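Structure assessment
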Amino acid sequence: MLFGLVPDLPPRTAPEDSIVVQAVVFRSGPSLVPEVLLVHRTSPRAWELPGGHPDGDEPVELTAIRETREETGIEVVVAGRIADFHRTGFVPHVSPTVLCEAVDGFPTGNHESVEVRYFPADRLPWGLFPWYRPVIAEALLLRHAIRVMAPVRSTGRLTAGERGSASRRHQALGVGEDRKSTRLNSSHEWISRMPSSA
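Please read these numbers as outputs of a predicted model, since none were measured by experiment. (Residues numbered from 1 in each chain as written. Predicted model: local features only at pLDDT ≥ 70, side-chain atom pairs only at ≥ 80, totals over all residues. Heavy atoms only, no water.)

Helices and strands together make up the secondary structure of the protein chain, namely 3 helices and 9 strands. Counting from the amino terminus, the protein chain carries its helices and strands in the arrangement β-β-β-β-α-β-β-β-α-β-α-β. Considering only contacts in the protein chain between residues 6 or more positions apart, those separated by 24 or more positions represent 71%. Looking at the protein chain as shown, the accessible area adds up to about 10,900 Å², and 57% of this sits on carbon and sulfur atoms. (Helix = DSSP H or I, 4+ residues; strand = E, 2+ residues; numbered from the N terminus. Contact = heavy atoms within 4.5 Å. Areas by Shrake-Rupley, 256 points an atom, 1.4 Å probe, with all protein chains shown as cover.)

A few words now on the side chain of R143. Positionally, R143 belongs in helix 2 (residues 132–148). A residue is classified by how much of its surface remains accessible, and R143, at 9% relative accessible area, is buried. Not counting residues within four places of it along the chain, the set of residues in contact with R143 comprises F26, R27, S28, P34, L99 and E101. (Buried < 20%, exposed > 50% of the residue type's maximum accessible area, 1.4 Å probe, protein only.)

Our next topic: the packing of aromatic side chains. Evaluated as defined, the whole model comprises 4 aromatic pairs. Arranged with centres 4.7 Å apart and planes meeting at 10°, the rings of F129 and W131 form a pair that is stacked. For F129, a relative accessible area of 12% gives the class buried. Assessed through its relative accessible area of 36%, W131 is described here as partly exposed. With a centroid separation of 6.0 Å and an interplanar angle of 55°, the aromatic rings of W131 and Y132 are classed as tilted. Here the aromatic residues F129, W131 and Y132 are joined through ring pairs into a cluster of three or more. (Phe/Tyr/Trp six-rings, centres within 6.5 Å; stacked < 30°, edge-to-face > 60°.)

With that out of the way, let us pick up the environment of V21. Assignment of secondary structure puts V21 in strand 1 (residues 21–27). On the basis of relative accessible area, V21 is assigned to the buried category, the value being 1%. Sequence-wise, V21 and P96 are 75 residues apart; in three dimensions their C-alpha atoms are separated by 5.0 Å. Apart from residues lying up to four places away in sequence, V21 is in contact with P50, G51, G52, P54, V60, T63, A64 and P96.

Another point: helix 2. In this model, helix 2 (17 residues) spans 25 Å end to end at C-alpha, consistent with the 24 Å of a helix rising 1.5 Å per residue. The complete set of buried residues in helix 2 reads Y132, V135, I136, A139, L142, R143 and I146. The buried residues of helix 2 occupy an angular sector of 120° when projected down its axis, which confines them to one face. Across from the buried face of helix 2, at angles greater than 90 degrees, the exposed residues are P134, L141, H144 and V148. (Expected span 1.5 Å × (residues − 1). Arc of directions from axis to C-beta.)

Judged by nonpolar contacts, the single largest core of 22 residues is most densely connected at V24, F26, L38, L99 and I136. Mapped onto this core, the elements with two or more residues apiece are strand 1, strand 2 (35–41), strand 5 (75–87) and helix 2. Tallying contributions element by element places helix 2 first for this core, with 6 residues. Not counting residues within four places of it along the chain, the set of residues in contact with L99 comprises V24, F26, V77, V78, A79, G80, I82, A139, L142, R143 and I146. Core analysis: the next-biggest nonpolar cluster, separate from the first, contains 16 residues, V39, I65, V76 and Y118 among them. (Core = buried A, V, L, I, M, F, W, Y, C linked by side-chain atoms within 4.5 Å.)

Okay, here's the thing in structure tokens:
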């Protein structure tokens, strides 16, 4: 009966020795309330944000994109950095956390999860680790701030394929575009996809 409830714990380490990047992934919901992507882990059996360890010197943003894809099947763009959180619980670690928007894919779990789902940000599930609630609230504030800031236009021309990709990014981030330019926010560079590599 307790299978999956008690986590399989690694050896205890100092927080600064372990980095776990996490992504707060939003999509627009059917109402005005955005939905957040959560993963129901196999161990411990609880809901949390997608994420994981960087590969070598992999940047935080690319780790968030890769881990979200691997754990959930969702492609995301990174909209901004929320904060670096220091966890002191049963697995101490530092958690750089980024704000993301979903642009493609269908929620699909892997061997690390029993379920992947979107939840309305104002109706988070029972069983969500409690320290994620203020993180999600902070991410919502940053998301709102990014969406109301005036964008900076680029004069660079895009190919047809790039326009399609840029259009999905702009739609996900809630901003517009014209047919010959892409948008960058002056303080948040958007990162779309990791290059595919072996």
